[in-house]
Amino acid sequence: MALRKLVVLALAALGLSADMESAAVSDAQINGALLDDDTCAAASGDDAARCALQALQMKSEKLATEEDDEAQNACTSGLVGQIRSFAPGCINACPQACGPLGSAITAYMAHGGQAAAKKVICAHKSQFACAYDHWGACKTLADKAAGFGFQLPRSKGSLYSQCR
């Protein structure tokens with residue numbers, strides 16, 4: 001029971017408490033995860049708690065690295081990778097927008113043009129807002145998109161007002 005409390009505390013300390021609340025992690029799921037991982041099986045008491053905490057920290061770091069790799073791949077592959085060649089400074093400054101940008105392009109091309117893309121952009125407006133913090137590097141993309149008939153907002157305020 002103390003080990004379970006430590007695991008919950010560790011998850012909260014790692015900033016995963018919001019994910020836990022939204023996913024409604026049950027006691028059975030936590031206990032099952034701890035039983036599946038025999039890394040700390042030989043330890044007991046405080047040693048087991050420390051071992052479990054270290055194992056969670058290592059797994060958290062690995063997941064964070066994998067997420068960084070996924071963001072990097074979203075920025076360098078597919079259509080977003082091609083777009084990056086027009087404005088690498090913008091894409092590099094706003095890697096959090098790469099995945100949503102890819103989704104917006106797909107929506108534009110396959111699901112209804114600008115109206116479909118706007119839904120994606122508005123759903124991820126905080127990620128796209130980064131472009132306006134780096135407008136010198138990102139204006140090229142907005143100009144290029146306009147050349148293809150895709151009108152992007154020219155300011156962060158305009159983005160937020162269009163996404164109401």
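Reading the values: the criteria
- Throughout, a residue's number is its position along its own chain's written sequence, starting from 1.
- Residue-level local features of this predicted model are given only where pLDDT is at least 70; pairs of side-chain atoms are given and counted only at 80 or more, and the full residue set underlies all totals for whole chains, interfaces and linings.
- The basis for every side-chain value is the complete set of heavy atoms in the structure, and neither hydrogens nor water enter the calculation.
- Buried means the residue's accessible area, taken with a 1.4 Å probe over protein chains only, is under 20% of the maximum for its type, while exposed means over 50%, and partly exposed covers the values in between.
- The secondary structure listing takes helices from DSSP runs of H or I that are at least 4 residues long and strands from runs of E that are at least 2 residues long, numbered from the N terminus.
- Note on contacts: a residue pair qualifies if any of its non-hydrogen atoms lie within 4.5 Å across the two residues.
- The nonpolar core is taken to be a set of buried Ala, Val, Leu, Ile, Met, Phe, Trp, Tyr and Cys residues, with the residues joined through side-chain atoms within 4.5 Å.
- Predictor confidence is given residue by residue as pLDDT, running from a minimum of 0 to a maximum of 100.
- Our working definition of a disulfide is a cysteine sulfur pair at a distance within 2.5 Å.
- A pair is scored as a salt bridge if a Lys or Arg side-chain nitrogen falls within 4 Å of a carboxyl oxygen belonging to Asp or Glu.

1. What to know about helix 8 (residues 113–123)
An α-helical turn contains 3.6 residues, so a residue and the one three or four places further along point in the same direction. Turning to helix 8, its buried residues number three or more, namely Gly113, Ala116, Ala117, Val120, Ile121 and Cys122. Among the structural elements, helix 7 (98–110), helix 9 (125–128) and helix 12 (156–162) are those in contact with the buried residues of helix 8.

2. As for the nonpolar core
In this structure, Ile91, Leu101, Ile121, Phe128 and Leu159 are the most contacted members of the largest nonpolar core, which totals 25 residues. Of all elements in the fold, only helix 6 (88–93), helix 7, helix 8, helix 10 (130–133) and helix 11 (135–147) reach the threshold of two or more residues within this core. Residues in contact with isoleucine 121, not counting those within four places in the same chain, are Ala104, Phe128, Phe150, Leu152 and Leu159.

3. Points about the confidence of the model for the chain
In this model, the chain carries an average pLDDT of 75, and 62% of its residues clear a pLDDT of 70 or more. Contacts for the low-pLDDT stretch residues 1–25, under 50 throughout, to residues beyond four places or in other chains number 27 contacts.

4. Examining the state of the cysteines
When the sulfur atoms of two cysteines share a covalent bond, that bond is a disulfide. Evaluation of the coordinates by the stated rule reveals four disulfides. Note on cysteine connectivity: cysteine 75 is disulfide-linked to cysteine 98, with sulfurs 1.9 Å apart. Sign of the S-S torsion, about 100° for the bond between cysteine 75 and cysteine 98, identifies this disulfide as right-handed. Highlighted residues: cysteine 75 in helix 4 (residues 45–76) and cysteine 98 in helix 7, separated in sequence by 23 residues. Relative accessible area serves as the criterion here: at 3%, cysteine 75 is assigned to the buried category. Take cysteine 98: its relative accessible area is 1%, and that puts it in the buried class. Each sulfur of the disulfide joining cysteine 90 and cysteine 138 lies 2.0 Å from the other. Disulfide cysteine 90-cysteine 138: the torsion about the S-S bond is 100°, which places it as right-handed. With cysteine 90 in helix 6 and cysteine 138 in helix 11, the pair connects residues that are 48 residues apart, well separated along the chain. Of the two residues, cysteine 90 and cysteine 138, neither departs from the other in class, the shared state being buried.

5. Here's the deal with the environment of phenylalanine 150
In this structure, phenylalanine 150 sits in the loop between helix 11 and helix 12. Considering only alpha carbons, one finds phenylalanine 150 and tyrosine 108, 42 residues apart in sequence, at a separation of 9.0 Å. When residues no more than four places from it in sequence are discounted, the contact partners of phenylalanine 150 are Tyr108, Gln114, Ala117, Ile121 and Ala145.

6. Considerations on the pattern of salt bridges
According to the stated counting rule, one finds three salt bridges in the structure shown. In this structure, the salt-bridge partner of aspartate 133 is lysine 156, at a minimum N-O distance of 2.9 Å. Taken together, the positions of aspartate 133 in helix 10 and lysine 156 in helix 12 put the pair 23 residues apart, joining distant regions of the chain. Exposure remark for lysine 156: the relative accessible area of 31% places this residue in the partly exposed category. Note that aspartate 143 and lysine 139 form a salt bridge whose closest N and O atoms lie 2.9 Å from each other. Of the two residues, aspartate 143 and lysine 139 both sit in helix 11, four residues apart, roughly one turn of that helix. Overall, the relative accessible area of 32% leaves aspartate 143 in the partly exposed class. Here the residues in one salt-bridge network are Lys139, Asp143 and Arg154, joined through shared partners.

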